[in-house]
Amino acid sequence: MDEPLDTENTNLLRYFNETQSNHEWSPFVMEGPSHSLTFKISLYLNNRRFDGCGTSKKKAKIDAIKNFNLYTMNHGTNSKENHTVKSDKQVRKRKCTDNIIENSLSKKLSIEHQVVEHQKSAICILHEIFSGQTLIYEHEQPHGILETISVIVSGNKYIGYGKSKKEAKEIACRNALKSLYDVQPIDKRFKNQIEMLRTDYDDAKIIDHFARITNIVYQKLEFDQINFKEYSVIASIIKMTKDDLTSAEVICLATGTKCLSGNYLSLSGESLHDCHAEILARRCLLKFFYKEIMESMKGLPSIFISDDKNSKFKLTEDIAFHLYINMAPCGEARVFSFCDTEQRYNRLNRGLLRSKIENGAGTVSVFGREVQTYDGVAQGQRLVTMSCSDKLTRWNVLGLQGNLLSNFVKPIYLESVSIGSMFNINHMKQTIYGRVENSIDKLPQNYKLQKPQLRGYGLLPRRSVTLSPYCVNWIINEGIEIIEGSMGRTVENKMSRVCKTSLANEYIKLCSATNNLSTLIDNETNLFYDSLKNKNKNYVAAKTKLLSTFKSLNLGTWVHKPEELKSFEINVGNPINKIDIVT
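Residues numbered from 1 in each chain as written. Predicted model: local features only at pLDDT ≥ 70, side-chain atom pairs only at ≥ 80, totals over all residues. Heavy atoms only, no water.

Observations regarding the overall build of the protein
Here comes step 1: Looking only at helices and strands, the protein features 17 helices and 22 strands.
Here comes step 2: The burial tally for the protein puts 53% of its 583 residues in the buried class.
Here comes step 3: Counting contacts in the protein only where the partners sit at least 6 residues apart, residues at least 24 apart contribute 64% of the total.
Here comes step 4: Looking at the protein as shown, the accessible area adds up to about 28,000 Å², and 47% of this sits on carbon and sulfur atoms. (Helix = DSSP H or I, 4+ residues; strand = E, 2+ residues; numbered from the N terminus. Buried < 20%, exposed > 50% of the residue type's maximum accessible area, 1.4 Å probe, protein only. Contact = heavy atoms within 4.5 Å. Areas by Shrake-Rupley, 256 points an atom, 1.4 Å probe, with all protein chains shown as cover.)

And the structure:
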């Protein structure tokens, strides 16, 4: 596992570029799948080759330089190839290099330190390049618990996020330099440094764009009370034509808060159990899917088209969905997102299923909490809700569309997951698909283990002292809804448009509109939610396979909500006239 890039490693690369002017680099070679690339490069110096590899171009270069320095240390003036006497200047350079290596081994890694010391900041470089211009900095609306600063250069705005205003300003200037590199003549003095900043620019550009368009949508929302607008975590689902970033469009978003209090459990499916941001965003996506299918049936523009004569639908070509969260999802991905070591990586608590804590923050292992009952919760036992990390794993097997919509569409999977902070690529991979990758097989037709592209920033956000009791969900063309998280209902004490009952009603409307009543029970006037969900045998089989895989790997038992919460009756109401499907 590659070690994170720290200040000393970055200084090592800078010092090497300054002191070794006669070196040459080979072109980069990329190996592995697109979501887990390895970069390889060769350094040619003093008629020798030194190879390096890493998970980024910068890490590969540093690895090659370390191999060169190790060779230099081991051979020194006694090397058989070294027949010349080094000048005093060369000896001083050598000692300085040795000291850097020694210090890098002895100093503790600081993952919070984002702005490199002893290196000219992006702010200084930007002001030197545009010395004749006045650069305008603005303090934008905070991006959740991150500060947000923008800089305007030649009429273009570049945004940076950080845990302090200083860091956000530095990152905004870095983003400006990275973007201007292709269109602006760059002074040779700064070329190497800007190239280093651009090492992971493609991924950073996507994350920044997703964060920006999410923030733009959120800032335009109108709130009755200012305290409704405060949040710690925000998540959005973005629709995009594959590989075309300009087509990215926020379809739905949500801010997150705590889970439902056991005092407000609903036996009629009217309470939201989980009000974390990414969970609400996905439920909003379901509502969006139902509307788009109905639009398709009417012959209106839609992301769905008719698939066959059996009232099935499929996504139009090249449409993909991407998840953006401003910090790592709770549970496994967040617990192990800090400076983990190779020794800790194999500890027994890695990969375990975890649950959220009622009326609290953080997650705990599910062991000892495998079964929960309605009367137990009523007597004061804490309500158990599975972590967002575990639910992401579930979506990567069962799809975003859920059980009921699987009767109309094939599984729809996330194309990518972008994390704004607290991101560790190795732990994120392990969390959302790695822990079951080699064990889950023989899934029903159309189901698979999806491996979305992962990208994110490892910086730590500023700690939030208090969490807002309210959360917002927004769906394109449908406005906002404010939920009180502990109640699982709207602030007007009404059931949410994305609760179980509301989405089940959308499903029944769709069945009636398509005259596809085979997924309903025979007597449609007495329809129960649990019976409705048990009709889709393939989905149930895929779900059973996933949960049994967790159990067989000793990762824990998936904790379900009490059975009483799933057996409520759904009022079918007046059947809707069939809508002819336009082909």
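What follows continues from the structure just given.
Concerning the side chain of Thr 490
Here comes step 1: Positionally, Thr 490 belongs in strand β20 (residues 489–490).
Here comes step 2: Contact partners of Thr 490, with chain neighbours within four places excluded, come to Glu 481, Ile 482, Ile 483, Met 495 and Ser 496.

Some words on the sheet that holds strand β13 (residues 354–356)
Here comes step 1: Reading across the sheet, the three strands line up as β14-β13-β15 and stay open at both edges, with antiparallel pairing between neighbours. On the outer flanks of this sheet lie β14 (363–365) and β15 (385–386), each paired with one strand and no other.
Here comes step 2: Alignment of β13 against β15, held across two bridges, turns out to be antiparallel. Paired with Ser 355 across the bridge in β15 is Met 386. (Pairing = 2+ DSSP bridges.)

A closer look at the packing of aromatic side chains
Here comes step 1: Taken as a whole and assessed by the stated rule, the structure comprises 15 aromatic pairs.
Here comes step 2: When the ring of Phe 289 is compared with that of Phe 304, the centres are 5.6 Å apart and the planes differ by 75°; the resulting orientation is edge-to-face. Separated by 15 residues along the polypeptide, Phe 289 in helix α8 (residues 277–297) and Phe 304 in strand β10 (residues 304–306) bring together distant segments of the chain.
Here comes step 3: Owing to a relative accessible area of 1%, Phe 289 belongs among the buried residues under this scheme.
Here comes step 4: Residue classification places Phe 304 among the buried residues on the basis of a relative accessible area of 2%. (Phe/Tyr/Trp six-rings, centres within 6.5 Å; stacked < 30°, edge-to-face > 60°.)

Looking at the sheet that holds strand β17 (residues 453–456)
Pairing between the strands of a sheet is mediated by backbone hydrogen bonds and can be parallel or antiparallel.
Here comes step 1: In space, the eight strands of this open sheet follow the order β17-β16-β12-β8-β9-β18-β19-β20, with mixed pairing throughout. Strands at the two margins of the open sheet, each flanked by one partner only, are β17 and β20.
Here comes step 2: In this structure, strand β12 (residues 319–325) lies alongside strand β16 (residues 414–419), joined through five bridges in parallel fashion. Note that in β16 the partner of Phe 321 across the bridge is Leu 414.
Here comes step 3: Of the strands in this sheet, β8 (233–241), β9 (249–256), β12 and β18 (470–475) are in contact with α8, which crosses β9 at around 140°. (Axes fitted to C-alpha atoms, helices over the stretch in contact; angles between N-to-C directions.)

Describing the pairing of strand β7 (residues 156–162)
Here comes step 1: With respect to burial, β7 is a largely interior element, five of its seven residues being buried.
Here comes step 2: Both strand β6 (residues 147–153) and β7 contribute to a ladder of seven bridges, which runs antiparallel. Bridge pairing in β7 places Thr 148 opposite Tyr 161.
Here comes step 3: Between β6 and the antiparallel strand that follows it, β7, lie two residues; Ser 154 among them carries a positive phi value of about 50°.

Overview of the packing of helix α4 (residues 122–129) against helix α5 (residues 165–180)
When two helices pack together, their arrangement is given by the angle between their axes and by how far apart the axes lie.
Here comes step 1: Where α4 meets α5, the closest approach of the two axes is 8 Å, and the angle between their N-to-C directions is 50°. Comparing their axes, α5 and α4 come out oblique. Considering only the axes of α4 and α5, their crossing is left-handed. In this structure, α4 contributes Ala 122, Ile 123, Ile 125, Leu 126 and Ile 129 to the contact, and α5 contributes Lys 169, Glu 170, Cys 173, Arg 174, Ala 176, Leu 177 and Leu 180. (Parallel < 35°, antiparallel > 145°, perpendicular 65-115°, else oblique. Left-handed = near helix turned anticlockwise from the far one by under 90°.)

Some thoughts on the environment of Asp 318
Here comes step 1: You can see Asp 318 is positioned in the loop between β11 (313–315) and β12.
Here comes step 2: Placed 78 residues apart in sequence, Asp 318 and Met 240 show a C-alpha to C-alpha distance of 8.2 Å.
Here comes step 3: Asp 318 has contacts with Met 240, Thr 241 and Lys 242, leaving out every residue within four places of it along the chain.

Comments concerning the pattern of salt bridges
Here comes step 1: Enumeration according to the criterion identifies 15 salt bridges in this entry.
Here comes step 2: Arg 489 serves as the salt-bridge partner of Glu 270, at 3.3 Å between the closest nitrogen and oxygen. You can see Glu 270 sitting in the loop between β9 and α8 and its partner Arg 489 sitting in strand β20, a full 219 residues away along the chain.
Here comes step 3: Arg 489 gets classed as buried once you look at its relative accessible area, which sits at 18%.
Here comes step 4: Each of Glu 138, Glu 140 and Lys 157 takes part in a single network of salt bridges with overlapping partners. (Salt bridge = Lys/Arg side-chain N within 4 Å of Asp/Glu carboxyl O.)

Focus: the nonpolar core
Here comes step 1: One finds Leu 285, Phe 289, Phe 321 and Met 428 to be the most contacted residues of the largest nonpolar core, which totals 113 residues.
Here comes step 2: Ranked by residues supplied to this core, first place goes to α8 with twelve residues.
Here comes step 3: With sequence-adjacent residues up to four places away left out, Leu 285 is seen in contact with Ile 237, Ile 251, Cys 252, Phe 321 and Leu 400.
Here comes step 4: Listed in part, the 18 residues of the second largest apolar core include Leu 135, Ala 172, Leu 180 and Tyr 181. (Core = buried A, V, L, I, M, F, W, Y, C linked by side-chain atoms within 4.5 Å.)

Details of the packing of helix α12 (residues 388–398) against helix α14 (residues 425–434)
Here comes step 1: Closest axis-to-axis distance for the α12/α14 pair is 8 Å, and the angle between their directions is 55°. One finds that α12 runs oblique with respect to α14. For the pair formed by α12 and α14, the contact residues are Ser 389, Leu 392, Thr 393 and Asn 396 on the first element and Met 428, Thr 431 and Ile 432 on the second.
Here comes step 2: When grouped by side-chain class, the residues that make up the contact of α12 with α14 number three nonpolar, four polar and no charged. (Nonpolar A, V, L, I, M, F, W, Y, C, P; charged D, E, K, R; others polar.)

Focus: the confidence of the model for the protein
Here comes step 1: Summarising the model, the protein shows a mean pLDDT of 81, and 80% of its residues fall at 70 or more.
Here comes step 2: Predicted confidence for residues 575–583 stays below pLDDT 50, and this span has 26 contacts to residues more than four positions away or in other chains. (pLDDT = per-residue confidence, 0-100.)

Topic: the environment of Thr 431
Here comes step 1: With respect to the helices, strands and loops of the structure, Thr 431 is situated in helix α14.
Here comes step 2: Sequence spacing of Thr 431 and Ala 333 is 98 residues, and the spatial spacing of their C-alpha atoms is 5.8 Å.
Here comes step 3: Not counting chain neighbours up to four residues away, the residues in contact with Thr 431 comprise Glu 332, Ala 333, Ser 389 and Thr 393.
Here comes step 4: One polar contact links the side chain of Thr 431 to the main-chain carbonyl oxygen of His 427, over a distance of 2.7 Å. (Polar contact = N/O pair within 3.5 Å; in protein donor to acceptor, adjacent residues only side chain to side chain.)

Looking at unusual backbone geometry
Here comes step 1: Phi at Ser 154 takes a positive value of approximately 50°, unusual for a residue other than glycine.
Here comes step 2: According to the relative accessible area criterion, Ser 154 is partly exposed, its value standing at 43%.
Here comes step 3: Even without being glycine, Asn 554 reaches a positive phi, approximately 60°.

Some details on helix α17 (residues 537–552)
Here comes step 1: Compared with an ideal rise of 1.5 Å per residue, which puts 16 residues at 22 Å, α17 spans 22 Å between its outermost C-alpha atoms and is within 8% of the ideal.
Here comes step 2: The complete set of buried residues in α17 reads Tyr 539, Ala 542, Leu 546, Leu 547, Thr 549 and Phe 550. Down the axis, α17 shows its buried residues gathered within 150° of arc, on one side only. Seen from the buried face of α17, the exposed residues on the opposite side, beyond 90 degrees, are Lys 537, Lys 551 and Ser 552.
Here comes step 3: On its buried face, α17 is in contact with α12 and α13 (402–405).
Here comes step 4: Two residues or fewer after α17 comes Asn 554, characterised by a positive phi angle close to 60°. (Expected span 1.5 Å × (residues − 1). Arc of directions from axis to C-beta.)

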